[in-house]
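These are the residues of each chain, in order.
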Amino acid sequence: MLKIVFGFLFFLWLGVHYNIVVGIYNGLSGSSNETVLEEGELDYENMSPEELQKAFEELQKKQQEKFGN
């Protein structure tokens, strides 16, 4: 019975501290939190203002074609 209680408490602790444990694991493994873009996706965060404006205009054109306006 005592093993069951301690097992339950351990899994409860692990559930509460999951993000901490995962953060430590990722830090030790050397993996980065960079986002991976799928093919055809645009990286808006690293675009210049001119590129953002062009992408916005293209998106507007696609939306207008889609809805027939």
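Details of the structure are given in the entry above.
Read on for a plain summary of the structure.

**What to know about the overall build of the protein chain**
Working step 1: Per the secondary structure count, the protein chain includes three helices and zero strands.
Working step 2: Element order for the protein chain, N to C, with α for helix and β for strand: α-α-α.
Working step 3: Split into buried and exposed, the 69 residues of the protein chain put 1% on the buried side.
Working step 4: For the protein chain, the exposed area adds up to about 6900 Å²; of that, 61% sits on carbon and sulfur atoms.

**Some details on a nonpolar patch on the surface**
Working step 1: Taken together, the side chains of M1, L2, I4, V5, F6, F8, L9, L12 and V16 make up a nonpolar region of the molecular surface, amounting to roughly 1000 Å² of accessible area.
Working step 2: By the secondary structure assignment, L2 is in helix α1 (residues 2-16).

**Thoughts on the packing of aromatic side chains**
Working step 1: According to the stated counting rule, one finds one aromatic pair in the structure shown.
Working step 2: Here F10 and F11 contribute two aromatic rings whose centre-to-centre distance is 5.5 Å and whose plane-to-plane angle is 70°, an arrangement assigned as edge-to-face.
Working step 3: With a relative accessible area of 46%, F10 lands in the partly exposed category.

**Some thoughts on helix α3 (residues 49-67)**
Working step 1: With 19 residues, α3 should reach 27 Å at 1.5 Å per residue; the first-to-last C-alpha distance of 27 Å fits that figure.
Working step 2: Just downstream of α3, G68 is the residue with a positive phi angle, here 70°.

The rules behind each value
Numbering of residues starts from 1 in each chain and follows the order in which that chain's sequence is written. pLDDT decides what is reported in this predicted model: residues at 70 or higher carry local features, side-chain atom pairs at 80 or more are listed and counted, and totals for whole chains, interfaces and linings draw on all residues regardless. As a rule here, side-chain values come from all non-hydrogen atoms in the structure, and water together with hydrogens is ignored. In DSSP terms, a helix is any run of H or I states spanning at least four residues, a strand is any run of E spanning at least two, and both are numbered starting from the N terminus. Exposed residues in this analysis have more than 50% of their type's maximum accessible area, buried residues have under 20%, and partly exposed residues fall in between, with area computed by a 1.4 Å probe over protein chains only. Calculation of accessible area relied on Shrake-Rupley with a 1.4 Å probe; when residues are assessed, cover is drawn exclusively from the protein chains displayed. Each patch is built from salt-bridge-free residues with over 30% relative accessible area, joining like charges within 9 Å and nonpolar side chains (Val, Leu, Ile, Met, Phe, Trp, Tyr) within 5 Å. A side-chain nitrogen of Lys or Arg and a carboxyl oxygen of Asp or Glu constitute a salt bridge if their distance falls within 4 Å. Only Phe, Tyr and Trp rings take part, Trp by its six-membered ring, and two of them pair if their centres are within 6.5 Å. Stacked means planes under 30 degrees apart, edge-to-face means over 60, and tilted covers everything else. To estimate the expected span of a helix, subtract one from its residue number and multiply by 1.5 Å.

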